[in-house]
Amino acid sequence: MNVKKVMVIGAGQMGSGIAQVCAMAGYDVILHDMKQEFLDRGIGIITKNLSRQVEKGRITEVEMTTILSRISQSLDLQNASSVDLVIEAAVENMEIKTKLFAQLDEIAPQDTILATNTSSLPITEIAAATKRPEKVIGMHFMNPVPVMKLVEIIRGLATADEVYQTIEELTKTLNKVPVEVNDFPGFVSNRILMPMINEAIYTLYEGVATKEAIDEVMKLGMNHPMGPLTLADFIGLDTCLYIMETLHEGFGDDKYRPCPLLRKYVKAGWLGKKSGRGFYTYER
Ligand SMILES: CC(=O)CC(=O)SCCNC(=O)CCNC(=O)[C@H](O)C(C)(C)COP(=O)(O)OP(=O)(O)OC[C@H]1O[C@@H](n2cnc3c(N)ncnc32)[C@H](O)[C@@H]1OP(=O)(O)O
Ligand SMILES: NC(=O)C1=CN([C@@H]2O[C@H](COP(=O)(O)OP(=O)(O)OC[C@H]3O[C@@H](n4cnc5c(N)ncnc54)[C@H](OP(=O)(O)O)[C@@H]3O)[C@@H](O)[C@H]2O)C=CC1
């Protein structure tokens, strides 16, 4: 299938990044969210990222204008009626995602592929909310999207081979590297990454070391670009908690139980960098 027009749902940190890389690769993009202020914030992030590329001499002002002109904004899901591919990057919540996919199934043309950027939820269950499970697939980008090379591609139980091939090829046109994985809670990336982050939070909770010391150990000792607590703030503590809950519920194994400190921070609204406070504080 020839994809020309893409709708990205959710203009948060992931959705804005996905819209940016799609527009940079020449696709027409509709960026959709629930409120104008979220769209403004998303377009603001994209503009800032592209301006940095201009300053570094990697793209020209004219190219930046062209890229931005490929992105239109949407507050109405009916706009899915004109796209070849939807990439959903709304919040990590099964109820919200299945509701969105059921609506998209009604609105989007029959051939449109419905992809989700979920970081842990079962693709097969999201697909079952539609009458086109063969056209539903996981397309898991990494944060920050413009920088990170990986896209995990997840087949649901019913995903058609030709849909997989289309998404694999499209991922390469975004200058990313697709890696195929099967539909298990957390896939590969978050099944391995998130228990490490959760363990780092337990290490802090049990008073083994300060947050700075924990991050320093993993940065200097294991050559990680960010310490696990800084990375948790960067991902979003709400997203980290949702992922741990998916692993815990999906495997039924207590080794995945979310640290109570993580729950407490999320309940307090300390969601990390995006809310200005998590394990660390951030200027907004
Ligand atoms: C939760 C999930 O489901 C899956 C996930 O995404 S898990 C998270 C995966 N991501 C990670 O693990 C990120 C770990 N961190 C890193 O790799 C690095 O710290 C980082 C790339 C974010 C920043 O790198 P750094 O060297 O410390 O900073 P810096 O020198 O400022 O930036 C390096 C480059 O990234 C760019 N960059 C940094 N942050 C960026 C952002 N938020 N958006 C866009 N570009 C960004 C910079 O512009 C710079 O670009 P150039 O090299 O082209 O000049
Ligand atoms: N953060 C990360 O590192 C990664 C996250 N992901 C996944 O990407 C998805 C988005 O995460 P992220 O960008 O971090 O989250 P954010 O909280 O930054 O953004 C989510 C955006 O989606 C909007 N939204 C929520 N519900 C709906 C809806 N029903 N319709 C349209 N828009 C909606 C939100 O609005 P509002 O602000 O009102 O909630 C917000 O603007 C999640 O599934 C997450 O698991 C995948 C890889 C990495």
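Just so you know, these numbers come straight off a predicted model, no measurement behind them.

Details of the sheet that holds strand β7 (residues 150-155)
- The strand order across the open sheet built from eight strands is β3-β2-β1-β4-β5-β6-β7-β8, with neighbouring strands paired in mixed fashion. On the outer flanks of this sheet lie β3 (71-74) and β8 (177-181), each paired with one strand and no other. On average, each strand axis in the sheet is inclined to that of its neighbour by 25°, with strand direction left out of account.
- The sheet strands contacting helix α2 (residues 36-55) are β2 (28-32) and β3, and the helix crosses β3 at an angle near 160°.
- Those strands touched by helix α4 (residues 94-107) are β1 (5-9), β4 (85-88), β5 (113-116) and β6 (136-141), and its axis lies near 165° from that of β5.

Examining the UniProt feature "site: Important for catalytic activity" (unreviewed entry) in the protein
- In the UniProt entry, the feature "site: Important for catalytic activity" (unreviewed entry) is given for His140.
- Relative to the assigned elements, His140 resides in strand β6.
- Ignoring sequence-local partners within four residues, the contact set of His140 consists of Asn117, Thr118, Ser119, Leu150, Val151, Glu152, Ile154, Phe187, Ser189 and Asn190.

Some remarks on the side chain of Thr246
- Relative to the helices and strands, Thr246 is located in helix α10 (residues 237-251).
- At 2.9 Å, the side chain of Thr246 forms a polar contact with the backbone oxygen of Tyr242.
- Ignoring anything within four residues of it in the chain, the contact list for Thr246 reads Ser120, Leu121 and Pro185.

Quick notes on the pattern of salt bridges
- Inspection of the entire model under this criterion finds 11 salt bridges.
- Residue Lys172 is joined to Glu169 by a salt bridge in which the shortest nitrogen-to-oxygen separation is 3.7 Å. With Lys172 and Glu169 both in helix α6 (residues 161-173) and three residues apart, the pair spans about one turn of that helix.
- Relative accessible area serves as the criterion here: at 42%, Glu169 is assigned to the partly exposed category.

What counts and how
Residues numbered from 1 in each chain as written. Chains lettered and ligands numbered in written order. Predicted model: local features only at pLDDT ≥ 70, side-chain atom pairs only at ≥ 80, totals over all residues. Heavy atoms only, no water. Pairing = 2+ DSSP bridges. Helix = DSSP H or I, 4+ residues; strand = E, 2+ residues; numbered from the N terminus. Axes fitted to C-alpha atoms, helices over the stretch in contact; angles between N-to-C directions. Contact = heavy atoms within 4.5 Å. UniProt positions renumbered as here; feature names shortened; annotations may be inferred. Polar contact = N/O pair within 3.5 Å; in protein donor to acceptor, adjacent residues only side chain to side chain. Salt bridge = Lys/Arg side-chain N within 4 Å of Asp/Glu carboxyl O. Buried < 20%, exposed > 50% of the residue type's maximum accessible area, 1.4 Å probe, protein only.

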